[in-house]
Amino acid sequence: GAVVSQHPSWVICKSGTSVKIECRSLDFQATTMFWYRQFPKQSLMLMATSNEGSKATYEQGVEKDKFLINHASLTLSTLTVTSAHPEDSSFYICSARDSTSGTWAQYFGPGTRLTVT
Amino acid sequence: GESVGLHLPTLSVQEGDNSIINCAYSNSASDYFIWYKQESGKGPQFIIDIRSNMDKRQGQRVTVLLNKTVKHLSLQIAATQPGDSAVYFCAENMTPGGGSNYKLTFGKGTLLTVNP
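Everything in this summary refers to the structure shown in the same document. Just so we're clear, the structure is a prediction, and the values are computed from it rather than from any experiment.

### Some details on the pairing of strand β8 (residues 86-94) of chain B
Residue and element names in this part refer to chain B. Most of β8 sits out of view: nine of its nine residues are buried. Sheet analysis places strand β3 (residues 32-38) next to β8, joined by six bridges and oriented antiparallel. For Phe 33, the partnering residue across the bridge sits in β8 and is Glu 92. Pairing of β8 with strand β10 (residues 110-115) involves three bridges; the strand directions are antiparallel. Bridging from a neighbouring strand, Ala 86 pairs with Leu 112 of β10.

Below you can see the structure in the form of structure tokens.
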């Protein structure tokens, strides 16, 4: 149980284009999902909290107009990196919390490697 | 949250030995803690969690100890195997303002290498 998937697993795009990453909870409902970014040999940095049916909450320093988040259903959240630049190249990981589990545990997807050329 | 540096703490152990990975957390008001294992190129994998009203919790081959007095968390892995080689992160739950708006803050991580 508690499986989270991400698509795509890796993507290469040209500077100035937009990329959409999907995060799905496969066997549970997630009213809240989270998007993280991780640079090599570093820890996970929370970018935003995605709430089903409402606007995402962004962490300080994260541009909401650049990283668009949509959480349209209890099993799907999407992150769109708009007008991507090489400095956006990173490992993007989503997580989801099982809202019926009674715990605060977050379960992570496998990550998406974004390379902007 | 904690600052993140480029030099990951490392722990190297022999196969079959016990491993202890330590973590100092930042917020005395944190009420829930999780250990994650992350293999190269993959997302973090949940290992074990503990609430702040406990000081010890055991799982399969793993034990988490919590010392709230000194804000310290440890993960003990018994009979460490090569498949345990990974980066291990502790995470603390902060609930800013209370209620359902919570988030996890991750520690720096420790690279565990198991030598056969």
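### Focus on the sheet that holds strand β1 (residues 4-7) of chain A
All names here are of chain A. In spatial order, the strands read β1-β3-β8-β7; together these four strands make up an open sheet with antiparallel pairing. Sheet topology places β1 and β7 (67-73) at the edges, where each strand pairs with a single neighbour. Each adjacent strand pair in this sheet contributes to an overall mean axis angle of 15 degrees, direction not counted.

### Side note on the interface of chain B and chain A
Listed by partner, the interface residues are 23 residues for chain B and 22 residues for chain A. Here chain B and chain A share an interface that buries about 1900 Å² over both sides, 58% of which is from carbon and sulfur atoms. Linking chain B with chain A are one salt bridge. Residues Glu 59 of chain A and Lys 103 of chain B are paired through a salt bridge, measuring 2.7 Å at the closest nitrogen-oxygen approach. Here chain B is connected to chain A by six residue pairs in polar contact (both at pLDDT 80 or more). Of all elements in the fold, only β3, β4 (45-51), β8 and β9 (103-106) of chain B reach the threshold of two or more residues within the side of chain B that touches chain A. Ranked by the residues each element gives to the side of chain B that touches chain A, the list is headed by β3 of chain B, at four residues.

### Observations concerning the packing of aromatic side chains
The final tally for this structure, using the stated rule, is 11 aromatic pairs over all chains. With a centroid separation of 5.8 Å and 75 degrees between ring planes, the pair formed by Phe 108 of chain A and Phe 106 of chain B is classed as edge-to-face. Pair noted here: Phe 108 of chain A is in strand β10 (residues 106-108) and Phe 106 of chain B is in strand β9, and the two residues belong to different chains. The exposure class assigned to Phe 108 of chain A is buried, which follows from its relative accessible area of 9%. Centroid distance Tyr 25 of chain B to Phe 33 of chain B: 4.5 Å. Interplanar angle 50 degrees. Geometry classified as tilted. Here Tyr 25 of chain B matches Phe 33 of chain B in class, with each residue buried. Among the aromatic side chains, those forming a connected cluster through ring pairs are Phe 28, Tyr 36, Tyr 107 and Phe 108 of chain A together with Tyr 36, Phe 46, Phe 89 and Phe 106 of chain B. Its guanidinium or amino end placed over the ring of Phe 67 of chain A, Lys 66 of chain A lies 6.0 Å from that ring's centre, counting from NZ or CZ.

### Topic: the pattern of salt bridges
By the definition in use, this model includes five salt bridges over all chains. A salt bridge links Asp 88 of chain A to Lys 66 of chain A, with the shortest nitrogen-to-oxygen separation between them at 2.9 Å. Of this pair, Asp 88 of chain A sits in the loop between β8 (76-81) and β9 (90-97) while Lys 66 of chain A sits in the loop between β6 (57-58) and β7, and the two are 22 residues apart along the sequence. Overall, Asp 88 of chain A belongs to the buried group, its relative accessible area being 5%. Owing to a relative accessible area of 12%, Lys 66 of chain A belongs among the buried residues under this scheme. Two residues, Arg 57 of chain B and Asp 49 of chain B, come together in a salt bridge whose shortest N-O distance is 2.2 Å.

About the thresholds
- Residues numbered from 1 in each chain as written.
- Chains lettered and ligands numbered in written order.
- Predicted model: local features only at pLDDT ≥ 70, side-chain atom pairs only at ≥ 80, totals over all residues.
- Heavy atoms only, no water.
- Buried < 20%, exposed > 50% of the residue type's maximum accessible area, 1.4 Å probe, protein only.
- Helix = DSSP H or I, 4+ residues; strand = E, 2+ residues; numbered from the N terminus.
- Pairing = 2+ DSSP bridges.
- Axes fitted to C-alpha atoms, helices over the stretch in contact; angles between N-to-C directions.
- Contact = heavy atoms within 4.5 Å.
- Buried area = accessible area lost by both parts, 1.4 Å probe.
- Salt bridge = Lys/Arg side-chain N within 4 Å of Asp/Glu carboxyl O.
- Polar contact = N/O pair within 3.5 Å; in protein donor to acceptor, adjacent residues only side chain to side chain.
- Phe/Tyr/Trp six-rings, centres within 6.5 Å; stacked < 30°, edge-to-face > 60°.
- Lys NZ or Arg CZ within 6 Å of the ring centre and 35° of its normal.

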